[in-house]
Protein chains: 2
Amino acid sequence: MTVENISVNKSFGGWHKQYSHDSKTLNCAMRFAIYLPPQASNGEKVPVLYWLSGLTCSDENFMQKSGIQRIAAELGIAIVAPDTSPRGDDVADDEGYDLGKGAGFYVNATQAPWNRHYRMYDYVVNELPDLIETMFPVTNKRSIAGHSMGGHGALVIALRNTDAYQSVSAFSPISNPINCPWGKKAFAAYLGRNTANWAQYDASLLMRQASHFVPALVDQGDADDFLVEQLKPEVLNAAAQVNRYPLELNYREGYDHSYYFISSFIENHLRFHAKYLTK
Amino acid sequence: MTVENISVNKSFGGWHKQYSHDSKTLNCAMRFAIYLPPQASNGEKVPVLYWLSGLTCSDENFMQKSGIQRIAAELGIAIVAPDTSPRGDDVADDEGYDLGKGAGFYVNATQAPWNRHYRMYDYVVNELPDLIETMFPVTNKRSIAGHSMGGHGALVIALRNTDAYQSVSAFSPISNPINCPWGKKAFAAYLGRNTANWAQYDASLLMRQASHFVPALVDQGDADDFLVEQLKPEVLNAAAQVNRYPLELNYREGYDHSYYFISSFIENHLRFHAKYLTK
């Protein structure tokens, strides 16, 4: 296993680091970022919040723009941010920003040409946490969060792996991808036209059927341009109500889809996760 | 006067906005960003911190990466971030990242071809605050801060306009540009080879000669790759000691030149300015 350190920056008394490694799951070199709070330099093992980013992002957007390091340093929680798709010259791509590189949608592709590399679900659920827990001073307590496409990924992964995650949260998640343009385009390409194969990646369907509950927090700006056509949090909320799922959904007046929204409420999210990660 | 709003994002209960306007000083269209804290939406006039960015930056880097909005919202201070040079197809440029576009060095150029547009000193000192104080619900209380090239700009502007600024701070400033490679290259191009004309833009010389004192705070990472060759805070500190200038200079162990450093200490800086802006 080759793991290469790319960058190191001190941040709020802890360390932000980027690494490149050869991913067996994705069949390519992958980059991820980790923030290790000061407690991790003092001989403590700390729990981990995984963050899944949205369309077009890399491991960098959240680490540079969210401001989470301040709160992670206070609470003693590591933050891990993977990339949003496989990368490299031989990885299939599409002209659209919403398919291919930067748009892995956290699924395991079954259709050519995507199925050679696009297995972000397995990467985030298995390979990446195995690597993190081998390399760094962290416990095996994990929570997961994300934004937009990454909010979809976080919800789906937590709902399907209830033993592996203490809590889940999302900003502006694609809540019902089988019924929105982004999801239909991506799932048709990655998973094929048989929509029966899509259900395993739809947070609203999974939440409606869940028998084990991972506590969930969702924030959604009401001035988000994608709210009605793409995100559909009302479908997720209806699923939670039918199934009495412990979902807290907050609409935030005037906020949009940007990192200015995420940074405004990320402290609430990390304190929510800390209730489950550090108890 | 044409002023066009380009973007609006709600952030920590206030508003981040970008504008384009025709600058008479710079003879081109210019973009700036402003963060208006919630108090400014409630009929209050708020004081302003001007932020000058470093080489290669635009109005966006600080607003996206510093996390200052959280503290500005708490303290009721507006933040204004101009671009770092004139812009446009007819603006002179250089192949280097450290001269021309993105590298205006906050001086008034006297040499061709630069003197047609490169008058960032006058723009930041006069045109921009006049525009801000006309357009927005702000008082005429101003402080100024910056990073690297922008730290140089903030110190020079405050030291030369002691009546106009309540306080000044800098991260990793180019403290003695007449004696470092970045400064020598830029000043030779913009100001010509007669180094007598450079002294008016050297923070260390100005601090040594100052007769009116604007309170000053400087933070410098001791793992900054540019510390020894380019930044030279020890020259600034020596000038302050000779002149008994009220400069607080903090060396921060392990921190580098990046926004991970700035975001870690920006709260200290804004609380420093608030002592003078909101009293």
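Quick notes on the rules
Residues numbered from 1 in each chain as written. Chains lettered and ligands numbered in written order. Predicted model: local features only at pLDDT ≥ 70, side-chain atom pairs only at ≥ 80, totals over all residues. Heavy atoms only, no water. Contact = heavy atoms within 4.5 Å. Buried area = accessible area lost by both parts, 1.4 Å probe. Salt bridge = Lys/Arg side-chain N within 4 Å of Asp/Glu carboxyl O. Least-squares fit on C-alpha atoms with pLDDT ≥ 70 in both. UniProt positions renumbered as here; feature names shortened; annotations may be inferred. Helix = DSSP H or I, 4+ residues; strand = E, 2+ residues; numbered from the N terminus. Buried < 20%, exposed > 50% of the residue type's maximum accessible area, 1.4 Å probe, protein only. Polar contact = N/O pair within 3.5 Å; in protein donor to acceptor, adjacent residues only side chain to side chain. Pairing = 2+ DSSP bridges. Axes fitted to C-alpha atoms, helices over the stretch in contact; angles between N-to-C directions. Phe/Tyr/Trp six-rings, centres within 6.5 Å; stacked < 30°, edge-to-face > 60°. Lys NZ or Arg CZ within 6 Å of the ring centre and 35° of its normal.

> Please clarify how the interface of chain B and chain A should be interpreted in this entry.
How big an interface is tends to be stated in terms of the accessible area lost upon association of its parts. Contacts between chain B and chain A engage 23 residues on the former and 23 residues on the latter. Surface buried jointly by chain B and chain A totals about 1900 Å² across both partners, of which 48% is contributed by carbon and sulfur atoms. When the area that chain B buries against chain A is broken down by residue, the three leading residues are Lys-10, Gln-64 and Tyr-260 of chain B, summing to 37%. Scanning the region where chain B abuts chain A turns up zero salt bridges.

> Please clarify how the relation of the copies chain B and chain A should be interpreted in this entry.
Here the second copy of the chain follows from the first by a rotation about an axis and a shift along it. The operation relating chain B to chain A is a screw motion whose rotation component is 180°, with 0.0 Å of axial translation and a residual RMSD of 0.0 Å. Here the two chains are linked by the operation of a two-fold rotation axis. Using C-alpha coordinates, one finds that chain B approaches the rotation axis most closely at Lys-65 of chain B, a distance of 2.4 Å. Counting the interface residues of chain B, we find that 100% of their copies in chain A are interface residues as well, pointing to one common contact surface.

> So what exactly am I meant to see when it comes to the UniProt feature "active site" (unreviewed entry) in chain A here?
Residues and elements named next belong to chain A. Taking the UniProt record as the reference, the feature "active site" (unreviewed entry) is found at Ser-148, Asp-224 and His-257. Judged by maximum C-alpha separation, these annotated positions cover 110 residues in sequence but sit close together in space, the widest gap being only 10.9 Å. For Ser-148, the position within the fold is in the loop between β6 (138–147) and α4 (149–160). Under the relative-accessibility criterion, Ser-148 is labelled buried at 3%. If sequence neighbours within four positions are ignored, Ser-148 has contacts with Phe-171, Ser-172, Pro-173, Ile-174, Trp-182, Leu-231 and His-257. Along the chain, Asp-224 turns up in the loop between β8 (216–221) and α7 (227–231). Aside from chain neighbours lying at most four places away, what touches Asp-224 is Ser-172, Leu-231, Tyr-255, Asp-256 and His-257. A polar side-chain atom of Asp-224 sits 3.2 Å from a polar atom in the side chain of Gln-220.

> What is the right way to look at the sheet that holds strand β1 (residues 3–11) of chain B in this model?
Each strand in a sheet pairs with another by means of backbone hydrogen bonds, the pair being arranged parallel or else antiparallel. Spatial strand order, β1-β2-β3-β5-β4-β6-β7-β8-β9 (chain B): nine strands in an open sheet with mixed pairing. Looking along the sheet, the strands with just one partner apiece sit at the ends: β1 and β9 (247–252) of chain B. Recorded for the sheet is a direction-independent mean angle of 20° between the axes of neighbouring strands. With six bridges joining them, strand β4 (residues 46–52) of chain B and strand β6 (residues 138–147) of chain B adopt parallel strand pairing. Following the sheet pairing, Tyr-50 of chain B is matched in β6 of chain B by Ile-144 of chain B. Sitting on the sheet, helix α9 (residues 259–277) of chain A is in contact with β1 and β2 (14–23) of chain B, with an inclination near 30° to β1 of chain B. Along the sheet face, helix α2 (residues 68–75) of chain B touches β1, β3 (28–36), β4 and β5 (78–82) of chain B and points at about 60° away from the line of β3 of chain B.

> Help me out: how do you make sense of the environment of Phe-187 of chain A in this one?
All names here are of chain A. Considering the arrangement of structural elements, one finds Phe-187 in helix α5 (residues 181–191). In sequence terms Phe-187 and Gly-76 are 111 residues apart; their C-alpha atoms lie 37 Å from each other. What Phe-187 contacts, discounting residues up to four positions off in sequence, is Phe-105, Val-107, His-152, Pro-177, Ile-178, Gly-192, Trp-198 and Tyr-201.

> Quick question: what am I supposed to make of the packing of aromatic side chains here?
Given two aromatic rings, one states the distance between the centres and the angle between the planes to describe the pair. For the structure on display, the rule yields 38 aromatic pairs over all chains. Summarising the aromatic geometry, the rings of Phe-272 of chain B and Tyr-276 of chain B are spaced 5.4 Å apart at their centres and angled 70° between planes, so their arrangement reads as edge-to-face. Of this pair, Phe-272 of chain B and Tyr-276 of chain B both sit in helix α9 (residues 259–277), four residues apart, roughly one helical turn. Overall, Phe-272 of chain B belongs to the buried group, its relative accessible area being 9%. The structure contains a cluster of three or more aromatic residues connected by ring pairs, namely Trp-51, Phe-62, Phe-171, Tyr-255, Phe-261 and Phe-265 of chain A. For Arg-160 of chain A, the ring lying beneath its charged end belongs to Tyr-121 of chain A, and the centroid distance is 4.3 Å.

> I would appreciate a short explanation of unusual backbone geometry in the present structure.
Residues other than glycine predominantly adopt negative phi, and peptide bonds predominantly adopt the trans conformation. All names here are of chain A. Here the amide bond leading from Ala-112 into Pro-113 is cis, since omega sits at 0°, within 30 degrees of zero. Inspection of the secondary structure assignment puts Pro-113 in the loop between β5 (78–82) and α3 (120–135). Not every positive phi belongs to a glycine, and Thr-56 is a case in point at roughly 75°. By the element assignment, Thr-56 lies in the loop between β4 (46–52) and α1 (60–65). You can call Thr-56 exposed: its relative accessible area is 55%. At Lys-232, a position not held by glycine, the phi torsion is positive, near 55°. By the secondary structure assignment, Lys-232 is in the loop between α7 and α8 (233–243). Accessibility expressed as a relative area gives 17% for Lys-232, which makes it buried.

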